[in-house]
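Overview (structure and organization)
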Amino acid sequence: MGITKTDLFTEEQNAIAQMAKVLGHPARVAILQYLVKSNTCINGDLVQELGLAQATVSQHLRELKEVGFIQGTIEGVSVCYCINSEKWAEFSQLFGEFFEHYFVAQKSNCC
């Protein structure tokens, strides 16, 4: 498979694709749901909650942090993660607009 030519697409298209890719794993969705529910978390809690290995949870946390869904702070030997509210709002707006375009553009059922 060739290299993805992201420069052929808009910044919005690339952002939506990157967010969708990160959300494409059920463990990351579970992590986000847990963080939303608890409003804060320590990495060890996630290992117990998900039943996954520490290294696996850390990998998923890194991916979520890289795209900006979460943020973390170091507290002694633990890292406390929470939802990045600014990015969460930005992502929510992007996805909302993406799905809303269908309803705005739909005049009749095409199939």
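Figured I'd write up the structure that's included with this text.

Analysis parameters
- Counting restarts for each chain, with residues numbered from 1 along the sequence as it is written.
- For this predicted model, a pLDDT threshold of at least 70 governs which residues receive local features, and a threshold of 80 or more governs which side-chain atom pairs are given and counted, while totals over whole chains, interfaces and linings are taken from all residues.
- Derived side-chain values reflect all non-hydrogen atoms in the structure, with water molecules and hydrogen atoms excluded from consideration.
- By nonpolar core is meant a set of buried Ala, Val, Leu, Ile, Met, Phe, Trp, Tyr and Cys residues that side-chain atoms within 4.5 Å join together.
- Note on classification: 1.4 Å probe, protein chains only; a residue is buried when its accessible area is under 20% of the maximum for its type, exposed when over 50%, partly exposed between these limits.
- Put simply, DSSP H or I for four residues or longer makes a helix, DSSP E for two residues or longer makes a strand, and each gets a number counted from the N terminus.
- Between two residues, a contact is recorded if the distance between any of their heavy atoms is within 4.5 Å.
- DSSP bridges decide pairing: two strands pair if at least two such bridges lie between them.

1. Points about the nonpolar core
One finds Met19, Leu35, Leu46, Leu61, Leu64, Phe69 and Ile70 to be the most contacted residues of the largest nonpolar core, which totals 21 residues. The set of elements that each furnish at least two residues to this core consists of helix H1 (11–22), helix H2 (26–38), helix H3 (43–50), helix H4 (54–67), strand E3 (78–83) and helix H5 (85–105). Filtering out sequence-adjacent residues up to four positions away, Leu64 remains in contact with Val22, Arg28, Ile31, Leu32, Phe69 and Ile70.

2. Description of the pairing of E3
Here strand E1 (residues 41–42) runs beside E3; their pairing, made up of two bridges, is antiparallel. Bridge pairing in E3 links Cys41 to Tyr81. Linkage of strand E2 (residues 70–75) to E3, two consecutive antiparallel strands, is achieved through a turn of two residues, within which Gly76 is found at a positive phi near 70°.

Interpretation note: all reported values are geometric properties and have no functional meaning in isolation.
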